[in-house]
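Residue-level structure breakdown
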Amino acid sequence: MARRDGKLTHEFLDDDRKPQDACGVFGVWAPGEQVAKLTYFGIFALQHRGQEAAGIAVSDGSSLVVYKDLGLVSQVFDEATLATLQGHIAVGHTRYSTTGSTTWENAQPSFRTTPAGTGLALGHNGNLVNTADLAAEARAAGIGSGMGATTDSELLTALLAAHPDLSVEEASMLVLPKLRGAFSLVFMDEHTLYAARDAQGVRPLVLGRLERGWVVTSETAALDIVGASFVREIEPGELIAIDEDGLRSQSFAPPKPKGCVFEYVYLARPDTTISGRSVHSARVELGRRLAREHPAEADLVIPVPESGTPAAIGYAEESGIPYGVGLVKNSYVGRTFIQPSQTIRQLGIRLKLNPLRDVIRGKRLVVVDDTIVRGNTQRALVRMLREAGALEVHVRISAPPVKWPCFYGIDFASKAELVASGLDDEGIRASIGADSLGYVSLDGLIAATEQPKTRLCRACFDGEYPIALPEVVGKHVLEGIEKSVNGVGREPEHAASYAAEDALTRP
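Since we're looking at a predicted model, the values are computed, not measured.

Scoring rules and cut-offs
Residues numbered from 1 in each chain as written. Predicted model: local features only at pLDDT ≥ 70, side-chain atom pairs only at ≥ 80, totals over all residues. Heavy atoms only, no water. Buried < 20%, exposed > 50% of the residue type's maximum accessible area, 1.4 Å probe, protein only. Helix = DSSP H or I, 4+ residues; strand = E, 2+ residues; numbered from the N terminus. Pairing = 2+ DSSP bridges. Axes fitted to C-alpha atoms, helices over the stretch in contact; angles between N-to-C directions. Contact = heavy atoms within 4.5 Å. Arc of directions from axis to C-beta. Phe/Tyr/Trp six-rings, centres within 6.5 Å; stacked < 30°, edge-to-face > 60°. Lys NZ or Arg CZ within 6 Å of the ring centre and 35° of its normal.

The buried count for strand E4 (residues 64–70) comes to 6 of 7 residues, which makes it a mostly enclosed element. Judged from the 7 bridges that link them, strand E3 (residues 53–59) and E4 form a sheet pairing that is antiparallel. Across the sheet, Ala 53 pairs through a bridge with Leu 70, a residue of E4. In this structure, the hairpin formed by E3 and E4 is closed by a connection of 4 residues, where Gly 61 is found at a positive phi of approximately 100°.

Structure below.
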């Protein structure tokens, strides 16, 4: 069963949103536990990874049920709904689209019936880059699209379910080596929970232990929320299966680790650990390095909450400049079913952030944020702080300039959207109206992660893509809206308004 009465959510200030990750995934095998509730709280802990849609699939060993809808986890599920989802295996998903539009059909877990009459439900974090080739292969094999979905995840589900003579585990070992790009997967049939991670391990995926079962999820923070103990990361190129016979593992591709460095900057929760490194500690260290690389004479260090807070703490500790709270964030603004009126929309950034005038007035400020994508938010923020009485505004960014699009699961897949691809640092400083601007260096970022440079994907910062890209790629590749990696072909319709070249003249 599935619900289709949800309405498309709208985002305040969606013309300058933060970079969004593809999704959060959660899977549990736990006989005797309320797996639907465990999954609800698991994907609730992963809400930051996707806010467009949410879903849970559950099996009791004889039937597999999927319930999904557009909206936040708390909007899609309530107590009564969760009570109907009975079983001992579950897969949960919270979505931000990187392939396919925001429609009910594209919400996950995706579902397919196999030729044997069993069910298959799948949740995917990441983005495939050979989707067009896989779609052509599916068409040649007579595998049609299901229920109007246009995602790489739905296509993958169809490919896995299309082998009548193979088990799901055997089909996975056949299909997974054909995939190119980023994929951290949790999927299930009526009896078994599966998880797999691409050979580069671009997106995180971890294994946890419950007293009476197992959990697989995107971040260690979700393990903490459901009371599971961390066991290990799912290895790049690994497929695991969990059923009544226990846990088994096999490799479908040789590992070539290239974890996403942007997880440390912004995407992951600060209370998550990646490759043994606390994300919060990495962000505090980024602030310290930022203070050493770009010192400022100022009276107060303030973060842009909440993502800039750990780095601001590090900057204040290293610089000796007092740390303070100068901006108050409305934590409940971001996605809503109620569109603001034009009058309210014109308030812009004040819908999310409001200055503490008594703290700011007469001060020289260091304002620490994690990224500048298009520059619109920083421009409005600097203006607002000056109106609140700030004497100087020195912007410090705890990541290098984002100059290259991501094709592995972060939704800024057009160079035209990135202000740093068209302007140098001084041009960006002038564009946002700051007294000074400083970015942490790429070497500083890598050092803060405590990971070897060779094990990190840095493509959005240095343009070195670890997974070869096809000639045609794009968010809407299965909807016929394609673009060339080299800039030839049709760009998404919204991209033209984000060109960096006019950043100095935009209001």
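What follows is about the sheet that holds strand E24 (residues 436–439). Strand order in the open sheet formed by 4 strands is E18-E22-E23-E24, with parallel pairing between adjacent strands. The open sheet has two edge strands, strand E18 (300–303) and E24, and neither has a second partner. Taking each pair of neighbouring strands and ignoring which way they run, the sheet shows an average axis angle of 20°. One ladder, built from 4 bridges, connects E18 with strand E22 (residues 364–369); its direction is parallel. When the sheet's bridge partners are listed, Val 301 is paired in E22 with Val 366. In the packing of helix H9 (residues 279–293) onto the sheet, contacts are made with E22, strand E23 (392–397) and E24, and the angle to E24 comes to roughly 130°.

Tracing the backbone through its elements, the reader meets Tyr 439 in strand E24. In this structure Tyr 439 comes out as buried when scored by relative accessible area, which is 5%. The sequence separation of Tyr 439 and Glu 293 amounts to 146 residues, and the corresponding C-alpha distance is 8.4 Å. With residues up to four places along the chain from it excluded, the contact list for Tyr 439 reads Leu 290, Glu 293, His 294, Ile 372, Ile 397, Ala 399, Pro 400, Pro 401, Asp 425 and Ile 428.

A separate point is the sheet that holds strand E10 (residues 206–210). Pairing in this open sheet of 7 strands is antiparallel, and the strands run E4-E3-E5-E2-E11-E10-E12 from one edge to the other. Lying at the two open borders of the sheet, with one neighbouring strand each, are E4 and strand E12 (229–233). In this sheet, adjacent strand axes meet at a mean angle of 15° when their direction is disregarded. Judged from the 4 bridges that link them, strand E2 (residues 23–29) and strand E11 (residues 213–217) form a sheet pairing that is antiparallel. Counted as the bridge partner of Phe 26 is Thr 217 from E11.

Judged by how many residues are buried, helix H15 (residues 442–449) sits mostly within the fold: 6 of 8 residues are covered. Inspection of H15 places Leu 442, Gly 444, Leu 445, Ile 446, Ala 448 and Thr 449 among the buried residues, and these make up the whole buried set. At the exit of H15 stands Glu 450, carrying a positive phi of roughly 60°.

The subject of this paragraph is helix H4 (residues 131–140). Among all positions of H4, only Thr 131, Leu 134, Ala 135 and Ala 138 are buried. Down the axis of H4, the sector holding all buried residues measures 100°, keeping them to one side. What points out from H4, more than 90 degrees from its buried face, is the exposed set Asp 133 and Ala 140. Summarising the contacts, the buried residues of H4 are in contact with strand E7 (119–128) and helix H5 (152–160). Phi for Gly 142, located one or two positions after H4, is positive at around 75°.

Here the structure, examined in full by the defined rule, presents 9 aromatic pairs. When the ring of Phe 407 is compared with that of Tyr 465, the centres are 5.8 Å apart and the planes differ by 55°; the resulting orientation is tilted. One end of the pair, Phe 407, is in the loop between E23 and helix H14 (425–432); the other, Tyr 465, is in the loop between helix H16 (459–462) and strand E26 (472–476), and 58 residues separate them in sequence. The exposure class assigned to Phe 407 is buried, which follows from its relative accessible area of 5%. Ring pairing ties together the aromatic residues Tyr 40, Phe 41, Phe 44, Tyr 67 and Phe 77, which thus form one cluster. Over the aromatic face of Trp 214 sits the side chain of Arg 209, whose NZ or CZ is 4.1 Å from the ring centroid. Positioned over the ring face of Trp 404 is Lys 415, at 4.4 Å from the centre of the ring.

By themselves, these figures tell us nothing about what the structure is for.
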